[in-house]
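Okay, here's what each chain looks like letter by letter:
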Amino acid sequence: MQINLPEVLAEVTAAFERYEQALTSNDVAVLDALFWRSPHTLRYGATENLYGHDAIAGFRAARPAHGLARQLLRTVITTYGTDCATANVEFRRSGSDRTGRQSQTWLRTPEGWRVVAAHVSLLAPPAA
């Protein structure tokens, strides 16, 4: 298996950057499009477990559109062959001292690169 083929890495990086822009600007249509439309798709959030594209889309539609800005502290994108990739991010929301983590599994589908699994969590606040 070839890891991080340049052209595949460029494709996934572009898809990830599109996702990040949509996330911080609350572009729900793009976010919905970038998740695989399948009951097998899942997203574990900081406060919710979502199973299937419909549940994820419902969460996005109901989520408040404020406080979405964040700084990416570290991003690691790795591709495996030509059809599978992971994107892992450490981030900090504006105005927060907590570090968050986001993991995504991306799969090449007939529609393009799509997130098939995602997980978001927050580390405990730093000790005072």
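Bear in mind that the values here come from a model prediction, so they are computed numbers and not experimental data.

> Help me out: how do you make sense of the environment of Asp27 in this one?
Checked against the element boundaries, Asp27 lands in the loop between helix H1 (6–25) and helix H2 (28–34). Since its relative accessible area comes to 32%, Asp27 is described here as partly exposed. In sequence terms Asp27 and Ala65 are 38 residues apart; their C-alpha atoms lie 9.4 Å from each other.

> Explanation requested: the nonpolar core in the structure shown.
Considering soluble globular proteins, one finds that nonpolar side chains tend to be buried as a cluster. Core analysis: the biggest nonpolar cluster contains 24 residues, and Val12, Tyr19, Phe35, Trp106 and Trp113 have the highest contact counts within it. No other element matches the 7 residues that H1 contributes to this core. Beyond its immediate stretch of four places on either side in the chain, Phe35 contacts Tyr19, Thr41, Arg43, His53, Ile56, Arg60, Arg114, Val115 and Ala118.

> Please explain the pairing of strand S4 (residues 84–93) as it appears in this structure.
On a regular strand, each side chain points to the face opposite its neighbour's, so the side chains alternate between the two faces of the sheet. Inspection of the sheet shows strand S3 (residues 70–80) paired to S4 by 10 bridges, in the antiparallel sense. Looking at S4, one finds that Arg70 is bridged to Arg93. Counted along the chain from S3 to the antiparallel partner S4, the turn is 3 residues long, and its residue Gly81 has a positive phi close to 70°. Here S4 runs beside strand S5 (residues 100–109); their pairing, made up of 8 bridges, is antiparallel.

Here is what the cut-offs are and how they apply
- Every chain begins its residue count from 1, and numbering advances along the sequence as written.
- pLDDT decides what is reported in this predicted model: residues at 70 or higher carry local features, side-chain atom pairs at 80 or more are listed and counted, and totals for whole chains, interfaces and linings draw on all residues regardless.
- Heavy atoms throughout the structure, all of them, feed into the side-chain values; hydrogens and water do not.
- Helical segments are the DSSP runs of H or I of at least four residues, strand segments are the runs of E of at least two, and each set is numbered from the N terminus.
- Relative accessibility thresholds used throughout: buried, under 20% of the residue-type maximum; exposed, over 50%; partly exposed, between the two (1.4 Å probe, protein chains only).
- Here, nonpolar core means buried Ala, Val, Leu, Ile, Met, Phe, Trp, Tyr and Cys residues that are tied together by side-chain atoms lying within 4.5 Å of each other.
- Whether two residues touch is decided by their heavy atoms; if any such pair falls within 4.5 Å, the residues are in contact.
- If DSSP finds at least two bridges between two strands, the strands pair.

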